[in-house]
Every structure is written in C-alpha cells, then in structure tokens.
Amino acid sequence: MEMDARKKRKRLKTAAWIAALLVIVLVAAVVALCRNDLSPSGIRSRMRQLFGRVTLAQEYSFDGGEGCIVRVLDDSVAVVNSTGLMAYNAEGSMQYSRSLEMAEPAVSSAGAYAVMYDIGGTSLAAFSSQEVTAAVPTDGRIIYAAVNSDGWFVVCMAESTYTSSATVYNPEGTAVYKWYSADGYAAAAAVAPRGEALAVAVYDAGGTTVVCLNLDSTDEVSRTSLPDTAVLDLWWSGSDTLAALTDSGTAILAKTGGVTAEIPMETERLLGYARLDGCTALVGSAYEGSDSSILWTVSDSGSILGKTEISGQIGAISAEGSCIAVLCGDTVLVYNNHMRQYAVYTGASGADAIQMLKDGTVLASGGYYAWLLDSADRQQTN
C-alpha cells in the first residue's frame, strides 16, 4: 500500500512538472508572438491567430454604399468607404468610427491591422481591430500603402523635389524611415516583419527596379532589375526573400539581389490574387467575359502547387492560412493550396466580395450587408 502511495505521489509530481513546463512554454510563446503588443487586446489577437479561432456575428448591417471595402480584423469587421471607417464588434454592433474624406478609397490589411488611404489624395489612417492608431496626412499624392501583420506600414507618394518616396511608419504612426526615388515612381512597397527592412518597386519607362534597404542604414542592400515589367504588388515571403506579382506572372526575389524564380501567368487576363501561408493564389481567364477561369497557386520558392479550371465568372478571391475561396455567381468555392476542393457555400446571393476566415467559414458582403457563410450554407463535397 505504501509502495502504491509512493508511486502515486511520483506520478503526481511528474504530472505537476509537465504542467509547469507547459505553462512556461505557453508563456514564452505568447511573449514571442506578442512582443510588439503585450496589451490584453494584442495578446487576444495573437492567440486567436495561433489557434485559428474566429468569432463573428451571423450578419452585419451598415451604410456602406457602392464600392465599400469590407475587411475582417481579428474579431472585428471594418467597413471603409469614401467618408471613412466603421468598425463592428463580434456581436455586430458598432465599435467605433472615423471620418476620412477619400475620393478613391483603398485598404491594405494584415492580421489585426489595416491602413485606409485615398489613392491620388493625401488622406491616410492606420487602424486595428480596436481603434484608429494613427492619422497620417501626407504632403504628396499617395500612390500606394501597405501594412504588415505587426502593424508597420509603408506609404509611397509623389514628391515635388524628387519623383517619389516611400515612408515607413511604426505601429504607433511615427515615421521612422524615408527613402527617395529620383528616377521612376515608387509603385509598390513592403515592410519586412518586425520592421527590419524595406523593399520598394520603382517603375519607369524601362520596367521596374526592386530596391531593398535595412531600416538601420541609408545604404541600399540590393537593386534587382525587371526589364519591360510592371510590378503590381510586392511582399516579403520570408526574412530574406520577396515575391512580386507582375503583369506577366510571379517573380521570386532575393533580398541580396537577383531573381531566383519566374513563373509566367497561366492566363491572358488576371482577375484577382490573394496571399496565403507560403504561396500566392491567382485566378484568371482567357478573355474578358469568359465563362471559365483558371485558379492556381505559386509557392514562395517558385513552383506551381496546383491548378484547376472553374466554370462560371469569378467575382472575387480571398485566402487565409491554407484555404482559398472564390466567389462564382451566388456560390463560394473553397480549395486548399493544392487545389483540392473541400467546401461549397451556396448562400452568397447578392455578394460582391468575400473574405476567407481561419476557421474555414467565409464572410460574404454586398453594399449594405455582410453575412457569415457557415455550416448552414455548406454543401457536402467529395
């Protein structure tokens, strides 16, 4: 009996030691994930990202109007239009709003962060799922803006002395770095994770040059030339690699300079694209108005992961994690990154935009409503 008691105490001590170790590991993981934002909202956001849990209301009603842009940030839904921003919480109620006049509004979002800006204007504001974090009026006309998942953002704008510039802001909205282009326009740019580096795609009559810089130095790290090519978008696919969407396909670039892979477009006409873990999803058609499209994925190493043909006209594409959603008429088709279809949602009538969520559901939106497509709208697939 005494022997059994000793064994039981030993097992309890072992279990307690394992539990303590797990707590230490969890705390370390939380600190690592939330190193830039240890507030309660920041920790909640990162934990939801880690475990893929999304909590949204079944329906949102708003005065979005034609051309409004809907984005999911953490457990909030943000609606941007020409008058500014409206943010709604997980219960569907207004959480906060911000007025901002924009003739041609645009939004860049990543994780729980976003920036809204006026293309060709001077209005820009950064916001999170909880609040507007910075209002940044600019001196020059805004060409492009992008935010990363840590909240750092970059703004490309036209300049009066130089041709254009790219300014990097930290998550609080403080300008920490500015780079000028004397020749060509800064058409796209990206800030590396944790705000360590900047890449700028500069376009002129001869094509595009991608310039890489570390934010702790004014010296350029590299210049990569893409002759007779227009870069449509640019992002960091790793700490030392970049992916560029061009008018002819996808290019994988090294931070130290040079093109490591080029993947031509699968179709003549690009309809849309979306980033997901480790790759990019693209959808296109042979010509405008075609009743069939091709959806394909390109890995960050420069290979095609999968390709499939879709019947019907594509209205929108969205991706999250390893899931890709495309809006086709009143139906949303969901694939993995190797083009295996695993879900079909039929409740998207009236939608003109969609957003893939981490839990496998989809948020569909029109001019005045957004609604969650979940198991009630899902058809069984083989």
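Just so we're clear, the structure is a prediction, and the values are computed from it rather than from any experiment.

Quick notes on the rules
- Residues numbered from 1 in each chain as written.
- Predicted model: local features only at pLDDT ≥ 70, side-chain atom pairs only at ≥ 80, totals over all residues.
- Heavy atoms only, no water.
- Core = buried A, V, L, I, M, F, W, Y, C linked by side-chain atoms within 4.5 Å.
- Buried < 20%, exposed > 50% of the residue type's maximum accessible area, 1.4 Å probe, protein only.
- Helix = DSSP H or I, 4+ residues; strand = E, 2+ residues; numbered from the N terminus.
- Contact = heavy atoms within 4.5 Å.
- pLDDT = per-residue confidence, 0-100.
- Pairing = 2+ DSSP bridges.
- Phe/Tyr/Trp six-rings, centres within 6.5 Å; stacked < 30°, edge-to-face > 60°.
- 1 Å grid on protein atoms, 1.4 Å probe; cavity = no way out; pocket = protein on both sides within 12 Å on 5 of 7 lines; lining within 4 Å.
- Points joined across faces, edges and corners; volume = space filled by probe spheres on them.
- Nonpolar A, V, L, I, M, F, W, Y, C, P; charged D, E, K, R; others polar.
- Polar contact = N/O pair within 3.5 Å; in protein donor to acceptor, adjacent residues only side chain to side chain.
- Salt bridge = Lys/Arg side-chain N within 4 Å of Asp/Glu carboxyl O.

Asks: Which parts of the structure should I look at to understand the nonpolar core?
Replies: A general tendency of soluble globular proteins is for nonpolar side chains to be buried together. Membership of the largest hydrophobic core comes to 34 residues, with the highest contact counts inside it found for Val154, Val168, Leu198, Val200, Leu234 and Leu242. Per-element accounting of this core gives the leading share, six residues, to strand 15 (residues 197–204). In this view, valine 168 contacts Trp152, Phe153, Val154, Thr174, Ala175, Val176, Tyr177, Val191, Leu198 and Leu215; residues no more than four positions away in its chain are not counted.

Asks: Looking at this structure, how should I read the confidence of the model for the chain?
Replies: Detail in the predicted coordinates should be disregarded across regions flagged by low pLDDT. Model confidence for the chain is summarised by a mean pLDDT of 87, while 85% of its residues fall at 70 or above. Note on residues 23–27: pLDDT is under 50 here. Beyond four places in sequence and across chains, it has one contact. Low confidence marks residues 39–52, where pLDDT is under 50. Its contacts with residues over four positions away, or in another chain, come to 25 contacts.

Asks: Got a minute to help me understand the sheet that holds strand 33 (residues 378–379) in this structure?
Replies: Strand order in this open sheet of five strands is 26-27-28-29-33, and the pairing throughout is antiparallel. The strands lining the two open edges of the sheet, one partner per strand, are strand 26 (314–320) and strand 33. In this structure, strand 29 (residues 341–345) lies alongside strand 33, joined through two bridges in antiparallel fashion. Bridge pairing in strand 33 places valine 344 opposite glutamine 379.

Asks: Looking at this structure, I do not really get the pairing of strand 29. What am I missing?
Replies: Within a regular beta strand, the side chains point alternately toward one face of the sheet and then the other, so they alternate between its two faces. Across the five residues that make up strand 29, a large majority, four, are buried. Of the strand pairs in this sheet, strand 28 (residues 331–336) and strand 29 are connected by four bridges, and their pairing is antiparallel. Each bridged residue has a counterpart across the sheet, and for valine 332 the counterpart in strand 29 is tyrosine 345. As consecutive antiparallel partners, strand 28 and strand 29 are separated by four residues, and within that stretch methionine 339 has a phi angle of approximately 70 degrees, a positive value.

Asks: I'm lost on the environment of glycine 366 in this one. Help?
Replies: Position of glycine 366 among the secondary structure elements: in the loop between strand 31 (362–365) and strand 32 (369–373). Using a relative accessible area of 8% as the deciding quantity, one classes glycine 366 as buried. Considered as a pair, glycine 366 and isoleucine 69 are 297 residues apart in the sequence and their alpha carbons are 9.3 Å apart.

Asks: I tried to follow the packing of aromatic side chains on my own but got confused; where do I start?
Replies: The relation between two aromatic rings is expressed through the spacing of the ring centres and the mutual angle of the planes. Applying the stated criterion across every chain yields a total of five aromatic pairs. Between tryptophan 235 and tyrosine 273, the ring centres sit 6.2 Å apart and the planes meet at 15 degrees, which makes this aromatic pair stacked. With tryptophan 235 in strand 18 (residues 231–236) and tyrosine 273 in strand 22 (residues 269–276), this pair connects stretches of sequence that are 38 residues apart. Classification of tryptophan 235 by relative accessible area gives buried; the value is 10%. Pairwise contacts between aromatic rings join Tyr60, Phe62 and Tyr88 into one cluster.

Asks: Is there a simple way to think about the environment of glycine 272 in this case?
Replies: Within the secondary structure, glycine 272 is located in strand 22. Of the residues examined, glycine 272 reaches a relative accessible area of 13% and is grouped as buried. Note: C-alpha distance between glycine 272 and glycine 284 (twelve residues apart in sequence) is 6.9 Å. With near-sequence residues (within four places) excluded, glycine 272 lies in contact with Ala281, Leu282, Val283 and Ile317.

Asks: I would appreciate a short explanation of empty space enclosed by the protein in the present structure.
Replies: Any empty space left between the atoms is revealed when a probe the size of a water molecule rolls over them. The tally for this structure, following the rule as stated, stands at one cavity of 30 Å³ or more. The volume enclosed by the largest cavity comes to roughly 40 Å³. The set of elements that each furnish at least two residues to the lining of the largest cavity consists of strand 7 (113–118) and strand 8 (124–128). In the lining of the largest cavity, the residues fall into seven nonpolar, two polar and no charged.

Asks: Help me out: how do you make sense of the environment of serine 237 in this one?
Replies: Within the secondary structure, serine 237 sits in the loop between strand 18 and strand 19 (241–246). Taking the C-alpha atoms as reference points, serine 237 and alanine 192, 45 residues apart in sequence, are found 8.9 Å from one another. The contacts of serine 237, once residues within four sequence positions are left out, are Leu242, Ala243, Arg275 and Asp300. For serine 237, the side chain forms a polar contact with the side chain of threonine 241, separated by 3.0 Å.

Asks: Any chance you could explain the pattern of salt bridges here in plain terms?
Replies: Side chains that differ in charge, positive against negative, can pair when their charged atoms come close. Applying the stated rule across the entire model yields six salt bridges. When the shortest N-O distance is used, the salt bridge between glutamate 220 and arginine 223 registers 2.8 Å. You can call glutamate 220 partly exposed: its relative accessible area is 35%. For the salt bridge of glutamate 320 with lysine 358, the shortest nitrogen-to-oxygen distance reads 3.0 Å. Here lysine 358 lies in the loop between strand 30 (353–356) and strand 31 and glutamate 320 lies in strand 26, a separation of 38 residues in the sequence.

Asks: Just checking my understanding: could you explain unusual backbone geometry for this structure?
Replies: Across residues other than glycine, the phi torsion is negative in most instances, and most of the peptide bonds are trans. Here arginine 194, not a glycine, exhibits a phi torsion of approximately 65 degrees, which is positive. For arginine 194, the position within the fold is in the loop between strand 14 (185–191) and strand 15. The backbone of methionine 339 sits at a positive phi, close to 70 degrees, despite the residue not being glycine. If you trace the backbone, methionine 339 turns up in the loop between strand 28 and strand 29.

Asks: Sorry if this is basic, but what is going on with the side chain of serine 128 here?
Replies: With respect to the secondary-structure elements, serine 128 resides in strand 8. Accessibility expressed as a relative area gives 10% for serine 128, which makes it buried. When near neighbours in sequence (up to four residues on either side) are disregarded, serine 128 contacts Leu73, Tyr96, Ala112, Tyr113 and Thr133.

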